[in-house]
Amino acid sequence: MADFNPSLVTLCCENSAFLVAEEENLPGVTPVKIPCGGQVEHYHILNAFDQGADGVMVLACLKENCKHFWGNDRAEKKVNYVKGMLENIGINAERLAYSPVAANNEYKYGELVKEMYDKLKEMGPMEGKVKK
Amino acid sequence: MNAQRKYPPAPEEMTFEPKVLVVGGGASGILSAEKAAELGLSVVLIEKTEELGGKAAQLSFLYQSNLSPSQWLKDKISSLEKNNKVTIYTNSQLEKVNGQVGNFKVTLNIEGKKEEMDIGAIIMATGMDLSSKMPAQVEKGAGSFLSQMEFEKQFTQLASGDSKTFVLVVKEDDFLIGCINALKYSKKLKEANHNVYVFFDEMKVSEEGTEKLYHQVREEGVTFIRGTNNLKIGQEEGKFSLTTIDPQLPVKLAKELVINFDYYIFNEDLLPGADTGKLAEILRVNLGPGGFFQEDNYHTEPVYSNRQGIYFVGACRMPDLLHNVQEQAGAAVNSIYQLSVADVKELMEKTPLIDVIKCAYCLTCYRSCPWNAIDLLYEIEGAAWDGAPYLHPLACQKCGCCVAECPNRAISFPGYTDEDMQKEFKKIGGKV
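This one's a predicted model, so the numbers in the text were calculated from it and none came from an experiment.

**Digging into the sheet that holds strand E7 (residues 121-124) of chain B**
Residues and elements named next belong to chain B.
- Across the sheet, five strands lie side by side as E3-E2-E1-E7-E18; this open sheet has parallel pairing. Each having just a single partner strand, strand E3 (86-89) and strand E18 (310-312) make up the two edges of the open sheet. With direction set aside, neighbouring strand axes in the sheet form an average angle of 20°.
- As defined by bridge partners, strand E2 (residues 42-46) adjoins E3 across four bridges and the pair is classed as parallel. Residue pairing across strands places valine 43 opposite valine 86, the latter belonging to E3.

**Notes on the sheet that holds strand E1 (residues 8-13) of chain A**
All names here are of chain A.
- Within the open sheet, the four strands sit side by side as E2-E1-E3-E4. Their pairing is parallel. In this open sheet, the two edge strands, each paired with only one partner strand, are strand E2 (29-34) and strand E4 (96-100). Sheet twist, expressed as the mean angle between neighbouring strand axes with direction ignored, is 20°.
- Inspection of the sheet shows E1 paired to strand E3 (residues 55-60) by five bridges, in the parallel sense. By the bridge assignment for E3, threonine 10 is matched with methionine 57.
- Strands E1, E3 and E4 of the sheet are contacted by helix H2 (residues 42-50), whose axis makes an angle of about 145° with E3.

**Side note on the pattern of salt bridges**
- Scanning the model with the defined rule gives 17 salt bridges over all chains in all.
- Close ionic contact of Asp73(A) with Lys63(A) constitutes a salt bridge, the shortest N to O distance being 3.3 Å. In this pair, Asp73(A) sits in helix H3 (residues 71-88) while Lys63(A) sits in the loop between E3 and H3, placing the two residues 10 residues apart along the sequence.
- The salt bridge involving Glu202(B) is made with Arg226(B); its shortest N-O contact spans 3.5 Å. With a gap of 24 residues between them, Glu202(B) in the loop between strand E11 (195-200) and helix H6 (210-220) and Arg226(B) in strand E12 (residues 223-226) connect regions that are remote in the sequence.
- A residue is classified by how much of its surface remains accessible, and Arg226(B), at 36% relative accessible area, is partly exposed.
- Shared partners join several salt bridges into a network, and the residues in it are Glu41(A), Arg409(B) and Asp418(B).

**Some words on the packing of aromatic side chains**
All names here are of chain B.
- Evaluation of the coordinates by the stated rule reveals 22 aromatic pairs over all chains.
- Ring centres 5.7 Å apart and planes at 85° place the aromatic pair tyrosine 7 and tyrosine 390 in the edge-to-face group. Of this pair, tyrosine 7 sits in the segment before strand E1 (19-23) while tyrosine 390 sits in strand E21 (residues 388-391); the two residues are 383 residues apart in sequence, bridging distant segments of the chain.
- Of the residues examined, tyrosine 390 reaches a relative accessible area of 4% and is grouped as buried.
- On the basis of an interplanar angle of 50° and a centroid distance of 5.9 Å, the ring pair of phenylalanine 151 and phenylalanine 166 is categorised as tilted. Of the two residues, phenylalanine 151 is situated in helix H3 (residues 148-153) and phenylalanine 166 in strand E10 (residues 165-170); the sequence distance between them amounts to 15 residues. Comparing phenylalanine 151 with phenylalanine 166 shows no difference in burial state: the two are buried.

**Quick notes on H3(A)**
- Between its first and last C-alpha, H3(A) extends 26 Å over 18 residues, near the 26 Å set by a 1.5 Å rise per residue.
- For H3(A), the complete set of buried residues consists of Gly71(A), Asn72(A), Arg74(A), Ala75(A), Lys78(A), Val79(A), Val82(A) and Leu86(A). Projected down its long axis, H3(A) shows its buried positions confined to an angular sector of 140°, all on one face. Residues Lys77(A), Glu87(A) and Asn88(A) are exposed on H3(A) and point more than 90 degrees away from its buried face.
- Turning to H3(A), the residues buried within the fold contact H2, E3 and E4 of chain A together with helix H10 (364-368) and helix H11 (401-405) of chain B.
- Gly90(A) sits one or two residues past H3(A) and shows a positive phi near 85°.

**Some details on the packing of helix H5 (residues 177-191) of chain B against H6(B)**
Residues and elements named next belong to chain B.
- For the pair H5 and H6, interaxial distance at closest approach is 10 Å and the crossing angle is 40°. In this view, H5 runs oblique relative to H6, as classed from their interaxial angle. H5 and H6 meet at a crossing whose hand is left-handed. Here Ile180, Leu183, Lys184, Ser186, Lys187 and Lys190 of H5 come into contact with H6, specifically with Thr210, Leu213, Tyr214, Gln216, Val217 and Glu220.
- Per-class residue counts for the contact of H5 with H6 are five nonpolar, three polar and four charged.

**Observations regarding empty space enclosed by the protein**
Residues and elements named next belong to chain B.
- The full count for this structure, using the stated rule, is three cavities of 30 Å³ or more.
- Of the voids in this model, the largest cavity is the one considered here, and its volume is about 70 Å³.
- Together, 13 residues line the largest cavity, and Cys369, Leu391, Cys396, Cys399 and Cys402 are the ones closest to its centre.
- Of the residues assigned to the lining of the largest cavity, the class counts are 10 nonpolar, two polar and one charged.
- Reported here for the second largest cavity is a volume of approximately 50 Å³.
- Forming the walls of the second largest cavity are Val170, Lys171, Glu172, Asp173, Phe175, Leu176, Gly178, Cys179, Asp201, Glu202, Lys204 and Asn267.
- A per-class count over the lining of the second largest cavity returns four nonpolar, two polar and six charged.

**Some details on the interface of chain A and chain B**
- Each side of the interface is counted separately: chain A has 30 residues, and chain B has 30 residues.
- Counting the surface lost from both chain A and chain B, the interface buries some 2,800 Å², and carbon and sulfur atoms represent 57% of this.
- Where chain A packs against chain B, one counts two salt bridges.
- Residue Arg409(B) pairs with Glu41(A) through a salt bridge whose shortest N-O separation is 2.0 Å.

**Re the environment of Met203(B)**
All names here are of chain B.
- With respect to the helices, strands and loops of the structure, methionine 203 is situated in the loop between E11 and H6.
- Each C-alpha atom, one on methionine 203 and one on isoleucine 180, is 8.7 Å from the other, the two residues being 23 residues apart in sequence.
- In contact with methionine 203, not counting residues within four places along its chain, are Cys179, Leu183, Tyr214 and Phe224.

**Concerning the domain arrangement of chain B**
Residue and element names in this part refer to chain B.
- Here chain B is described as being made up of domain 1 (11-129 + 270-340), domain 2 (133-267) and domain 3 (344-430).
- For domain 1 and domain 2, the distance between their C-alpha centroids amounts to 34 Å.
- With 16 residues of domain 1 at the interface, the matching set in domain 2 holds 17 residues.
- Interface area, domain 1 with domain 2, both sides summed: about 1,500 Å², of which 68% is carbon and sulfur.
- Of all residues in domain 1, Gln58, Phe61 and Tyr63 bury the most surface against domain 2, accounting for 45% of the area lost on that side.
- Taken together, the connections running from domain 1 to domain 2 amount to zero salt bridges.
- Summed over the shared surface of domain 1 and domain 2, the number is six residue pairs in polar contact (both at pLDDT 80 or more).

The rules behind each value
Residues numbered from 1 in each chain as written. Chains lettered and ligands numbered in written order. Predicted model: local features only at pLDDT ≥ 70, side-chain atom pairs only at ≥ 80, totals over all residues. Heavy atoms only, no water. Pairing = 2+ DSSP bridges. Helix = DSSP H or I, 4+ residues; strand = E, 2+ residues; numbered from the N terminus. Axes fitted to C-alpha atoms, helices over the stretch in contact; angles between N-to-C directions. Contact = heavy atoms within 4.5 Å. Salt bridge = Lys/Arg side-chain N within 4 Å of Asp/Glu carboxyl O. Buried < 20%, exposed > 50% of the residue type's maximum accessible area, 1.4 Å probe, protein only. Phe/Tyr/Trp six-rings, centres within 6.5 Å; stacked < 30°, edge-to-face > 60°. Expected span 1.5 Å × (residues − 1). Arc of directions from axis to C-beta. Parallel < 35°, antiparallel > 145°, perpendicular 65-115°, else oblique. Left-handed = near helix turned anticlockwise from the far one by under 90°. Nonpolar A, V, L, I, M, F, W, Y, C, P; charged D, E, K, R; others polar. 1 Å grid on protein atoms, 1.4 Å probe; cavity = no way out; pocket = protein on both sides within 12 Å on 5 of 7 lines; lining within 4 Å. Points joined across faces, edges and corners; volume = space filled by probe spheres on them. Buried area = accessible area lost by both parts, 1.4 Å probe. Domains from an automatic or database assignment. Polar contact = N/O pair within 3.5 Å; in protein donor to acceptor, adjacent residues only side chain to side chain.

Put into structure tokens, the structure is as follows:
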């Protein structure tokens, strides 16, 4: 497993995390812009896994700092819901994570992504990946 | 069968009524009405009581100048009454608000009669309430204890005469009005050769020129003592004394300080107006901390609410000083102007749109919208359930909450549709 390079998708709120993600260009990480944490649908998270992601992170604004009042709370709820769905179909729920990131906190973004990346490296490739 | 409407409505149907409703006839309401009339918008000003002016008209002077606020407001009121763009209703209240920014359908209660109106935007300027609590049980000479507002009303009368002793006590509060009032009184009283003691918890001098004023009155001989918790009021035949120990001094030096005073002036608690909660329900806006209208969210601007076209000015959002209120009124009117000239066609292209064939009219989007931006339309051509909710392009803030919540996935968000997201996910792992 030493040469396994996981691919990570970060769904980033355009008001906070995406501003950071644009600056930090990390290998193996694909930042995807979303208008607000509240826009995250379970369909999109599952679609990301389907398209070959080994892990997905949803990054929204800090608590009580959402421009749209409760978008980040909604994102957290949705992520917990999808975690249950992943476990039901036999995928490690640790592959999905939610974290709040502020727009000026590049360090935290880097740390979070690095931590997740190392975790994914340990876990190995996605269990549910269909080999063609 | 009735004539059926097309969905979505054409951009030409989205008109902006150039009419502003100002609720509350205090200083903030008058200033907002004046600014809006300057811009050429017609203004409807409603006031709950019989007279315009509110609390600011009872002030005797301002800290910056000797200008009398009551006279200043009287001039403004008379110029508003002459202005044919402005309609003033006293003894009136807001009853009901329907629709979205640009054409609110507002029901007013004008002296007992109900009247409906088309309004473009609403400025709330309902102000605050004061509650004063006597610092001590007094048998005789209760007139020596005055709240700041009572003192303000009879200032010239009390400040005249021989050297009296005034004690100004400013208890800890969230707002800086109490401190600034104490400073402005002490300046005037010192000029009239009175003895002034100011007791305070925290001196708030963040407003322009107030720190200078603080140093000035200190040099003139006003005594400032920190701490309001250990004040003991002694009374003897209608004469009062105040005993305290300065908490800032070291224990060895600390001595009891006894002040025989003539007047004791304390600051009131500033509370939101009694109708604030009721009005928030009518307007469908969120309340901020302490029950005020202010939204505690630093992404939105101070005068904004969680609905476009509804703005808060003055003490109903946060008790503030008159020159700040003037700026807030300008900010609110400026936002109304920007909305009225917005390019609706361009905004419509970015706004999420509901597929009327898929929509089951379950109102999940209506309930989940944080901006309350959804209009309910009926008699729509080709709709599964006769009508469909409509995301108003001027009110929608493009957060996508309704898109995620829709159980039937009937709402498509331009730029974030399934195909667009799929395109983004194609880049996963560096493969393009």
